[in-house]
Amino acid sequence: MREPDSFGEPALKALFAGDFHIGAAVNPRTMKTQEQLLRHHFNSITAENEMKFESLHPLEEVYRFGAADELVSFARKHKLAMRGHTLVWHNQTSDWLFQDGHGASVSKEVLLDRLKSHINTVVGRYKNDIYAWDVVNEAVADEGEALLRRSKWLDIAGDGFIAKAFEFAHEADPGALLFYNDYNESNPLKRDKIYTLLKSLLDQGVPVHGVGLQAHWNLYDPSLDEIRTAIEKYASLGLTLQLTELDMSLFRFDDRRTDLKEPPAELLELQAERYAAVFKLLREYKDVISAVTFWGAADDYTWLDHFPVHGRKNWPFLFDEQHRPKAAFDRLLQE
Ligand code: GLA
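This write-up is about the structure you can find in this document. Please read all numbers here as calculations on a predicted model, not as lab measurements. (Residues numbered from 1 in each chain as written. Predicted model: local features only at pLDDT ≥ 70, side-chain atom pairs only at ≥ 80, totals over all residues. Heavy atoms only, no water.)

### Here we look at the environment of Arg-83
Applicable threshold: By definition, any uninterrupted DSSP run of H or I lasting at least four residues is a helix, any uninterrupted run of E lasting at least two residues is a strand, and each is numbered from the N terminus. Two residues qualify as a contact provided that any one of their heavy atoms is within 4.5 Å of a heavy atom in the partner residue. The term polar contact refers here to a pair of N or O atoms within 3.5 Å; inside protein, the definition further demands a hydrogen-donor-capable atom paired with an acceptor-capable atom, and it admits residues adjacent in sequence only when both atoms are side-chain atoms.
On the secondary structure map, Arg-83 appears in strand β3 (residues 81-88). Once you skip the residues sitting within four places of it in the chain, Arg-83 turns out to touch Ser-44, Ile-45, Thr-46, Ala-47, Ile-130, Tyr-131, Ala-132, Asp-134, Phe-179, Gln-242, Thr-244 and Thr-293. Side chain to side chain, Arg-83 and Asp-134 meet in a polar contact 2.8 Å long.

### Re helix α8 (residues 161-172)
Filter applied, for reference: By definition here, a helix of n residues has an expected span of 1.5 Å times n minus one. To sort residues, take the accessible area from a 1.4 Å probe on protein chains only and compare it with the maximum for the residue type: under 20% means buried, over 50% means exposed, and anything in between is partly exposed.
If you check α8, its first and last C-alpha atoms are 16 Å apart, about what 12 residues at 1.5 Å a residue would give, namely 16 Å. Looking only at α8, the buried set comprises Phe-161, Ile-162, Ala-163, Ala-165, Phe-166, Phe-168, Ala-169 and Ala-172. On the buried face of α8, the contacting elements are β3, α6 (108-125), β4 (132-137), α7 (152-157), β5 (177-182) and α9 (188-203).

### Observations concerning the pairing of strand β8 (residues 240-249)
Note the cut-off: Strand pairing is assigned whenever DSSP identifies at least 2 bridges connecting the two strands. For crossovers, right-handed means that the path from the first strand over the helix to the second runs clockwise, given strands pointing away from the viewer.
In terms of burial, β8 is largely enclosed, as nine of its 10 residues are buried. In the sheet, strand β6 (residues 210-213) pairs with β8 via four bridges, with the strands oriented parallel. Opposite Leu-213, over in β8, you have Leu-243 as the bridge partner. Across three bridges, the pairing between strand β7 (residues 216-218) and β8 is parallel. Along β8, the bridge assignment pairs Trp-217 with Met-248. Handedness of the crossover is the feature at issue here: the chain leaves β7, passes through helix α10 (residues 224-235), returns alongside β8, and the resulting connection is right-handed. In this structure, β8 lies alongside strand β9 (residues 289-294), joined through four bridges in parallel fashion. Within the sheet, the bridge partner assigned to Leu-243 lies in β9 and is Val-292.

### Observations concerning the packing of helix α11 (residues 265-284) against helix α12 (residues 327-334)
The description of two packed helices rests on the angle between their axes and on the distance between the axes. The condition that has to hold: Simply put, an axis is a line fit to the C-alpha atoms, just over the touching stretch for a helix, and the angle between two N-to-C directions goes from 0 to 180 degrees. Handedness of a crossing follows from how the near helix is turned relative to the far one, being left-handed for an anticlockwise turn of less than a right angle and right-handed for a clockwise one. Three residue categories are used. Nonpolar comprises Ala, Val, Leu, Ile, Met, Phe, Trp, Tyr, Cys and Pro, charged comprises Asp, Glu, Lys and Arg, and polar comprises the others, including Gly.
Where α11 meets α12, the axes come as close as 8 Å, and the angle between the chain directions of the two elements is 40 degrees. As α11 runs across α12, the sense of the crossing is right-handed. Between α11, through Leu-268, Glu-269, Gln-271, Ala-272, Glu-273, Tyr-275, Ala-276 and Phe-279, and α12, the contact on the second element is made entirely by Ala-327, Ala-328, Arg-331 and Leu-332. Grouping the constituent residues of the contact of α11 with α12 by class yields eight nonpolar, one polar and three charged.

### Comments concerning the nonpolar core
A general tendency of soluble globular proteins is for nonpolar side chains to be buried together. The test is simple: In plain words, nonpolar cores are sets of buried Ala, Val, Leu, Ile, Met, Phe, Trp, Tyr and Cys residues tied together by side-chain atoms within 4.5 Å.
Leu-12, Phe-42, Met-51, Trp-133, Phe-166, Phe-279 and Phe-294 are the most contacted members of the largest nonpolar core, which has 105 residues in total. When residues in this core are grouped by element, the largest group, eight residues, is from α8. When residues no more than four places from it in sequence are discounted, the contact partners of Phe-279 are Phe-16, Phe-20, Ile-22, Leu-246, Val-292, Phe-294 and Leu-332.

### Brief notes about the packing of aromatic side chains
Worth spelling out the cut-off: Pairing of aromatic side chains requires ring centres within 6.5 Å, counting the rings of Phe and Tyr and the six-membered ring of Trp. Pairs whose planes differ by under 30 degrees are stacked, by over 60 edge-to-face, and all others tilted.
Following the criterion strictly, the structure yields 17 aromatic pairs and no others. An angle of 80 degrees between the planes, with centres 5.2 Å apart, marks the rings of Phe-98 and Trp-153 as edge-to-face. On the criterion of sequence distance, the pair formed by Phe-98 in the loop between β3 and α6 and Trp-153 in helix α7 is long-range, its members being 55 residues apart. Trp-153 shares its class with Phe-98; the two are buried. The interplanar angle of 45 degrees and the centroid separation of 6.2 Å between the aromatic rings of Tyr-275 and Phe-294 together place this pair among those described as tilted. On the criterion of sequence distance, the pair formed by Tyr-275 in helix α11 and Phe-294 in strand β9 is long-range, its members being 19 residues apart.

### Considering unusual backbone geometry
Between His-85 and Thr-86 the backbone carries a cis peptide bond, its omega angle lying at 5 degrees. Within the fold, Thr-86 resides in strand β3. Cis geometry is found at the peptide bond from Asp-221 to Pro-222, where omega equals -10 degrees. Tracing the backbone shows Pro-222 in the loop between β7 and α10. Its identity is not glycine, yet Lys-79 carries a phi of approximately 55 degrees, on the positive side. Relative to the helices and strands, Lys-79 is located in the loop between α5 (66-77) and β3. Looking at Lys-79, the relative accessible area reads 72%, which means it is exposed.

### Topic: α11
Between the first and last C-alpha of α11 there are 29 Å, a value that for 20 residues agrees with the 28 Å anticipated at 1.5 Å per step. When α11 is considered as a whole, its buried residues turn out to be Leu-267, Gln-271, Ala-272, Arg-274, Tyr-275, Ala-276, Val-278, Phe-279, Leu-281 and Leu-282. Among the structural elements, β1 (21-26), β7, α10, β8, β9 and α12 are those in contact with the buried residues of α11.

### Structural notes on the site of the ligand
The cut-off we apply is this: Put simply, a residue is near a molecule or strand once any heavy atom of it comes within 4 Å of that molecule or strand. Shrake-Rupley sampling with a 1.4 Å probe provides the accessible areas, and residues are treated as covered by the protein chains on show and by no other component.
The environment of the ligand is made up of Lys-52, His-85, Trp-89, Gln-92, Asn-137, Glu-138, Gln-214, His-216, Glu-245, Trp-295 and Trp-303. Between the ligand and Glu-138 there is a distance of 3.5 Å, counted from an oxygen atom to a side-chain nitrogen or oxygen. Residue Gln-214 places a side-chain N or O atom 2.8 Å away from an oxygen atom belonging to the ligand. Considering the ligand on its own, with 300 Å² of exposed area, one finds that the protein chains cover 89% of that surface. A per-class count over the shell around the ligand returns three nonpolar, five polar and three charged.

Structure follows, in structure tokens:
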């Protein structure tokens, strides 16, 4: 691993200082193992898992804030902006929320009351530290005609749960920027559905301020044109945009190459070209994009090592396993 005093290269956050925040998802372990890298190159963080419903609120009467608080203190100590992630999602959400004492589904009223209480507690607690929240994560259906994905939220509360979540969050912290966050956000079909959802929320006067483009991308998809069209379409709603979970996988989604121990040089070169092209495009839209957050910070830790192909090592970031700048970082320096 690099020595703490070896971070001589210009900081990524400085390269984009006039453009947008540069963020990383962190957890209590990477907060330590990647501390120097985070402090040198980034000016924003997001909790990888620690603010998800099941992490914070495992039982109705029990909140566990320990890990989330540690990340908040880290952000405070090092003067990093912090995004909150996430209040309403179909994954990593405790079962008790949707059930009564006998395991039967609760009513819409009970579910929304519980949601309100959760949001009040969590958003209220971090009011002075978290400037933006992913209020609703991944509610839109990837395929087919339906706008929204099937979920317990939708089954029990109907489509109004989305507006309610934003209203509760706005009440809990009127100063926070509230985001709708989703993946496949540049895919034309999904993009248009996300747009339809956001437009309808805005038409109803729901306090939604931004759209999070997760940006789990790879060397080949989505195309730059698709990214550009998505940005323009969301921006046409007058919303702020943030890339919230950027990583640039070296592989297509279903590539089953699990034998690689080192990243092939030609793929790193493609990755450098791709990152340069993507950041050039993002910079064109700096007036509407306020942050670009990676879903990690360096190649020693990425969820892509286990997903979607278990055991397929990936190298999706600008920094290598030793936290040294990769070709992609050098290319950004030359832009
Ligand atoms: C989604 C979620 C994130 C994270 C990633 C995978 O994109 O929004 O919180 O769980 O999946 O790590």
